Amino acid sequence: MRRTRHLSGPRPLPAVLAAGLAAVLALGLASAPGGAAAAPSADPATTTPAATVRVADTPTTDRAVPRVRFRDCGRFRCARVPAPLDYDAPDGATVSLAVLKVPARKPSRRLGTLFVNPGGPGGSATEFATYAGQFLGATVRNRFDIVGIDPRGVGGTADLLCEGRGQVGYPRQAYPRTSTQIDRWLAFDAQERRLCEGRRILDHMSTADVARDMDHVRRALREDTVSYFGASYGSMLGSTYAALFPSSVRALVVDGVLDPVEWTSGRDGTGTTVPVTTRLGSGEGSREALVAGLAACDAAGRPACPVAGDALGAWDTVADRLQDDRALGRAIRLSYDDFVGTTLGLLYAGDLSTVAQMTARARRAIRAQDARGRGAGTGAAVADLAAVRRAAARTVDALPFPGPDETVLARTGSTPSASGTSARARIAISGAFHGVLCSDSVNPSSTDVWPTAADTADAAAPDFGPLWTWSSSACVGWPGSGDDAYRGPFATDAADRMLIVNNRYDPATPLTGALALQGETGARLVTAQAYGHVATGTNRCATRAVSDFLVSGVAPAADRTCSGVGPFG
């Protein structure tokens, strides 16, 4: 038995507002200056980890910094800001940055500009800015202009959508498990690289490029310093900005934190031997969150939790049955990949109650099928299971940060992003996730490493470890350059103006990442004893700590632990 060896995106805007916002942000794209031919690409696996020259506080360009000219876009203010495509050639080609501002509600008490980023990579910061104030709190909304800058390759800033005739359909699994599936997965990787190759933005998508864009916009806004809130991958952007531009930082918060060394070069020489998405520990974080949450189910008992008694055993049994018997999955209309993927999305939301309900109803549907043989998959048990899955989808769709459907599960054929699922159909793949990840990170140079790494990850974190590991396989031979990436050091003179925040049971960015960043910087840490991806906005104590810090600019005198509400009350 397997046990012995061992998400959907940002909250959508109202349709009319979204259409108006898109139209305004699109202004200027047609007239944006073109670039020179792309420079020869560099394999991220062979890009030297010594690409770590600190550019701290030096001007980002010799060209005169333009003033930001905002215009109305619904209830917000939008602008396009030209920036150097390559900061090594500041007077050369430019890229047009999409910027959105939500003005401070009380201008007379305004403290300055707060940049925000929702993570991903691939999440739109302009979209995030429109609702970030909802969970940052009234005081922050009143006193800051909240500003989002779409990162390179995302949204309104040279969106990297790689389109063309597909020769390989989208994978139908969350991760490959057989040799045939592995071959197909790697063929899809090659197809993504082929469709993305030659795009002008591809050599200029590193996190360091985006950090330089942030400081460019800071100067264009005529701000001496700025504040920042970054969640998930946004923590990597915040860590990089603090390292490169410490004197530009007024107050900087990162929540749901990635270990910046593991994201870039890897610790202890693991960069060239272990895939980045294994090094980060997200598989272990996902499994740990599930184990702890279902232990809380057992402690709560019934009727609070319908699988109490051996909740983890019930979940594992359902996963085992669905993985071993695809016909069973078709009969009850729940595949192994759907079960694991939905669970991961619910772990992002901290919703262990729905995980337990889904597990109970899946178990009931399986027992019904066992009792009557392989029927058509209809009946009360299957209908009840479908109902809880619809509820789970609504929960995941409401996540304020990019969920697994936009990152680790983005290429699965059943997700909304899979616009072409059959071979030789026209296909469109967002290159934002890999465009950033593969530019930033050092990885093994051979795809032969991934199956072994996935097996190792499955032993450490059943079901979730391989899912995360395989999400970086496209980085082998990635056509974009990592020459401008920043890979440390991440120590910063802004540590006293920095606050690190993390949930104890965050599935995507486990607490180990926050502790690692604290070890690099010495900044203060707020730990919420809670479930879910990102504490701000869901844990009252952590949210208050973030708000107080952003307003005062003064970090707490000591680390802080916030209590949380258990998943079963």
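Above this note sits the structure.
Scoring rules and cut-offs
- Residues numbered from 1 in each chain as written.
- Predicted model: local features only at pLDDT ≥ 70, side-chain atom pairs only at ≥ 80, totals over all residues.
- Heavy atoms only, no water.
- Helix = DSSP H or I, 4+ residues; strand = E, 2+ residues; numbered from the N terminus.
- Buried < 20%, exposed > 50% of the residue type's maximum accessible area, 1.4 Å probe, protein only.
- Disulfide = S-S within 2.5 Å.
- Contact = heavy atoms within 4.5 Å.
- Polar contact = N/O pair within 3.5 Å; in protein donor to acceptor, adjacent residues only side chain to side chain.
- Phe/Tyr/Trp six-rings, centres within 6.5 Å; stacked < 30°, edge-to-face > 60°.
- Lys NZ or Arg CZ within 6 Å of the ring centre and 35° of its normal.

### Here we look at the overall build of the protein
Okay, so step 1: Of regular secondary structure, the protein possesses 19 helices and 12 strands.
Okay, so step 2: A buried classification covers 60% of the 569 residues belonging to the protein.

### Considering the environment of Ala-304
Okay, so step 1: By the secondary structure assignment, Ala-304 is in the loop between helix H9 (282-300) and helix H10 (311-324).
Okay, so step 2: A residue is classified by how much of its surface remains accessible, and Ala-304, at 41% relative accessible area, is partly exposed.
Okay, so step 3: Through-space distance from the C-alpha of Ala-304 to that of Ala-356 is 9.9 Å; in sequence the pair is 52 residues apart.

### Focus on the state of the cysteines
Okay, so step 1: One pass over the full model with this rule turns up 5 disulfides.
Okay, so step 2: Disulfide pairing is shown between Cys-438 and Cys-475; the S-S distance is 2.0 Å. Between Cys-438 and Cys-475, the S-S torsion sits near -80°, and that sign places the bridge as left-handed. With Cys-438 in helix H15 (residues 432-440) and Cys-475 in the loop between helix H17 (464-470) and strand S10 (498-505), the pair connects residues that are 37 residues apart, well separated along the chain. Accessibility assignment for this pair places Cys-438 and Cys-475 in one class, buried.

### Focus: the environment of Ser-227
Okay, so step 1: Structurally, Ser-227 is set in strand S7 (residues 226-231).
Okay, so step 2: By relative accessible area, Ser-227 is classed as buried at 1%.
Okay, so step 3: Sequence separation between Ser-227 and Arg-497 is 270 residues; the distance between their C-alpha atoms is 9.4 Å.
Okay, so step 4: With sequence-adjacent residues up to four places away left out, Ser-227 is seen in contact with Thr-113, Leu-114, Phe-115, Phe-144, Arg-250, Ala-251 and Leu-550.
Okay, so step 5: Polar contacts involving the side chain of Ser-227 include one to the side chain of Arg-250, which spans 2.9 Å.

### Some points on the packing of aromatic side chains
Okay, so step 1: Overall, the coordinates contain 14 aromatic pairs when judged by the stated rule.
Okay, so step 2: Ring geometry for Phe-128 versus Phe-401: centroids 5.7 Å apart, planes at 50°, classification tilted. In this pair, Phe-128 is assigned in helix H2 (residues 125-136) and Phe-401 in the loop between helix H14 (380-397) and strand S9 (426-430), connecting sequence segments 273 residues apart.
Okay, so step 3: Since its relative accessible area comes to 5%, Phe-401 is described here as buried.
Okay, so step 4: An aromatic cluster is present here, built from Phe-128, Tyr-131, Phe-135, Phe-229 and Phe-401 joined pairwise through their rings.
Okay, so step 5: Here the guanidinium or amino end of Lys-101 rests over the ring plane of Phe-70, the centre of that ring lying 4.4 Å away.
Okay, so step 6: In this structure, Arg-177 is placed above the aromatic ring of Tyr-175, and the distance from its NZ or CZ to the ring centre is 4.9 Å.

The values reported here are purely geometric and, on their own, carry no functional implication.
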